[in-house]
Every structure is written in C-alpha cells, then in structure tokens.
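Structure at a glance
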Amino acid sequence: MNWTRFRILDFEVLAVPVLHDNFIYLVCHNGEAVLIDAGEAKPVFTTLEKENLQLLDILITHSHHDHVGGCRAIVDRQGVQSTSPGVASAEFPVLGTVCRSISTPGHMAVHKIYCFPELGILFTGDTLINGACGRLLGGTAEQLFDSLQRIKTLPDETRVFGGHDYLADNMEFALSIAPDNAEMQARLDLYRKDPAAAIFATLAEEKKTNPFLRVDTVREFAELRRRKDRF
Ligand SMILES: [Fe+2]
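Presented here is an overview of the structure given in this document. Not measured: the values here are computed from a predicted model. (Residues numbered from 1 in each chain as written. Predicted model: local features only at pLDDT ≥ 70, side-chain atom pairs only at ≥ 80, totals over all residues.)

1. Here we look at the overall build of the chain
- Per the secondary structure count, the chain includes nine helices and eleven strands.
- The C-alpha atoms of the chain give 17 Å as radius of gyration, which agrees with the globular expectation for 231 residues (17 Å, within 12%).
- Counting all 231 residues of the chain, 42% fall into the buried class.
- For the chain, the share of sequence-separated contacts (at least 6 apart) that also reach a separation of at least 24 residues comes to 58%. (Helix = DSSP H or I, 4+ residues; strand = E, 2+ residues; numbered from the N terminus. Rg over C-alpha atoms; globule rule 2.2 N^0.38 Å. Buried ≥ 20, exposed ≤ 12 C-beta atoms within 10 Å, placed from the backbone. Contact = placed C-beta atoms within 7 Å.)

2. Re the sheet that holds strand β11 (residues 159-162)
- Taken together, the five strands give an open sheet; going across it, the order is β7-β8-β9-β10-β11, and neighbouring strands pair in mixed fashion. Because the sheet does not close on itself, it has two edges, and the strands there are β7 (90-94) and β11. Shown here is a sheet whose adjacent strand axes are inclined to one another by a mean of 20°, direction ignored.
- Sheet topology places β7 next to strand β8 (residues 97-103); five bridges connect them, and they run antiparallel. Bridging across to β8, valine 94 finds its partner in threonine 97. (Pairing = 2+ DSSP bridges. Axes fitted to C-alpha atoms, helices over the stretch in contact; angles between N-to-C directions.)

3. Looking at the environment of valine 44
- If you trace the backbone, valine 44 turns up in helix α1 (residues 42-51).
- Spatially, the C-alpha atoms of valine 44 and tyrosine 25 are 9.2 Å apart, while their sequence positions differ by 19 residues.
- Residues within four places of valine 44 in sequence aside, it is in contact with Ile24, Leu35, Ala38, Gly70 and Ile74.

4. Comments concerning the nonpolar core
- By size, the foremost hydrophobic cluster in this structure holds 57 residues, and its most contacted members are Ile24, Tyr25, Leu26, Leu35, Ala38 and Phe161.
- Take this core: its biggest share by element is six residues, from strand β3 (residues 22-29).
- Leaving out residues up to four positions away in the same chain, tyrosine 25 has contacts with Val13, Leu14, Ala15, Ile36, Phe123 and Phe161. (Core = buried A, V, L, I, M, F, W, Y, C linked by C-beta atoms within 7 Å.)

Here is the structure:
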C-alpha cells in the first residue's frame, strides 16, 4: 500500500505504511508536521523530504518496538522532542490547532491516543486497531473495555487512524461473530477494492463494524478478546 493522503480543512494527514503492517501518521499544516508513532525512521525522512515538511514533534502512543523503533534516529536527525505515552493526559496547541492526549490503557498498561477535535481526527495506536482492538499485552480487559468506551464518547464523525493494517483479518473475525452483518461484509468488500477507504473509517462506521465496540459488558468484551486471540 502507498501513502494515503487525507485533506481536512487546510490540514493534511499522511498515512505512511512502515515495517510489515504498521502505519505512522504525519499531520501537516503550512509546511510543518507532527508525527504520530515512529516504528521506522527512513520512511519518515523520505516523506519529510518529498513533502518539504519541517517536523515539530513526535507523539508516541505506546512503547512497543513497532511504534517507537525509529524514534531515536528521528529525534537525533531532526532535533525534535518526542512525547512519551507516559505523560499525563493533556490538551496542548500544535500546528495552530489543539491536540488532546487521552489515556487508554489496556493493550499496554500505559497507552495514549491523540485526538485533534477541531479536525475531527483520532490516532488510536493499538487501542482501537481499525475493525478491532489490540491484544492484552500488559493491561487488563477492564482497562481496554473502559478505554474503548471512552473512545465511543467522541463525535461519530471522527475519523479513526489506528496503528496497523489488519482490516481484512479483523472483518473476517467480525463476520465469524455476526455472519449476517451486511455492513461488516461491505467493509471487507471495500477493502479488496480500496483498502484505505475501508481502513480509515469514521467512528460511526467503527461502531457498526467493530465487534469490540458492540459489546456492553467487560465480561462479553473479555470473551470476545479471547476468541480473537485464537482466531
Ligand atoms: Fe502494540
């Protein structure tokens, strides 16, 4: 998959595939950019050069190597700082807009997601991976369920950018739970024609097709997560 470019007002989001199936993201405005996650450095350097962008900051969702492996090289070469997922939830100005970091433990004990409310975009790392959620690798089912509930309170039109391209597998799992769900099938069909359009859905679309947003209790959530681990 190539880069995907989303235009939002006079901002752009570039979704850059790195490593085997990760995404990193650049939010760009007036020649400046912030990076969300840094699994690999080289594609970041290439993108910054090609797009003539100055990097201001790196926002890290969580400390798994496929999200931070390129961070040190980028910090050293670009002379920027990175924002650790360990800092407290906060709202801060960036690129002439506002970014809100929200604590969403569960995939790991420490995990942040980054919301740009004025732009209606949300970067969810491995908390909400489009069409599903991350595994429990350090956090608890209660934490991850609560974190997903928190995400569900954001506006429905919010566009969601997760940490991986797992959509085909995620929709196949979703359909194994709800075989007659036409919206899940349509999202899977769309993925085969236009992967980016299917992956980077709105929260409203996620609520219809992501089984982990469709359970009401921690108990159901934990059972679903166990089933996905075995899928
Ligand atoms: Fe992860």
